Amino acid sequence: QWAVAICGRLSSQGFWCDYVNPLTLLPVMHNETDAKFSDSEAAALLLGYKAPIASREFLLLHPKWGGSAFAGTLVARAPSDKIKEAVASVEAELA
């Protein structure tokens, strides 16, 4: 709901936006590609989250909340102020 709303808000302003399905690792809004993106691997690499390997799944541990938080990825081609505005607006609506 959060990602759909933010992508909708940015798209309505003419910006490209998408988010990743954590089960398939594929983009949701723009399905013309089969390129996969791992939220967990990106968070471990870019944010320094701990990422132990558990069975066959890549487990991500948030620095504060451990395994009780889920990382997601939203990607947009928009100025940072527009992204911040969209996030703030959507979060206020969902509160």
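This structure is a prediction, so every number in the text was calculated from the model and none was measured.

Thresholds, definitions, all that
- Residues numbered from 1 in each chain as written.
- Predicted model: local features only at pLDDT ≥ 70, side-chain atom pairs only at ≥ 80, totals over all residues.
- Heavy atoms only, no water.
- Salt bridge = Lys/Arg side-chain N within 4 Å of Asp/Glu carboxyl O.
- Helix = DSSP H or I, 4+ residues; strand = E, 2+ residues; numbered from the N terminus.
- Buried < 20%, exposed > 50% of the residue type's maximum accessible area, 1.4 Å probe, protein only.
- Core = buried A, V, L, I, M, F, W, Y, C linked by side-chain atoms within 4.5 Å.
- Contact = heavy atoms within 4.5 Å.

### Observations concerning the pattern of salt bridges
And step 1. Within the structure shown, the criterion is met by 1 salt bridge.
And step 2. The salt bridge involving Arg9 is made with Glu93; its shortest N-O contact spans 2.9 Å. Taken as a pair, Arg9 in helix α1 (residues 2–12) and Glu93 in helix α3 (residues 80–94) lie far apart in primary sequence, 84 residues in all.
And step 3. The class of Glu93 is exposed, set by a relative accessible area of 54%.

### Some details on the nonpolar core
And step 1. One finds Ala3, Ile6, Cys7, Leu10, Cys17, Tyr19, Ala78, Ala86 and Val90 forming the largest nonpolar core, which totals 9 residues.
And step 2. Elements with a minimum of two residues in this core: α1, β1 (16–19) and α3.
And step 3. Residues in contact with Leu10, not counting those within four places in the same chain, are Phe15, Cys17, Ala76, Ala78, Lys82, Ile83 and Ala86.

### Let's talk about unusual backbone geometry
And step 1. Although it is not a glycine, Leu25 adopts a positive phi angle of roughly 65°.
And step 2. Mapping Leu25 onto the fold places it in the loop between β1 and α2 (39–47).

Remember that the coordinates give geometry; whether it matters functionally is a separate question.
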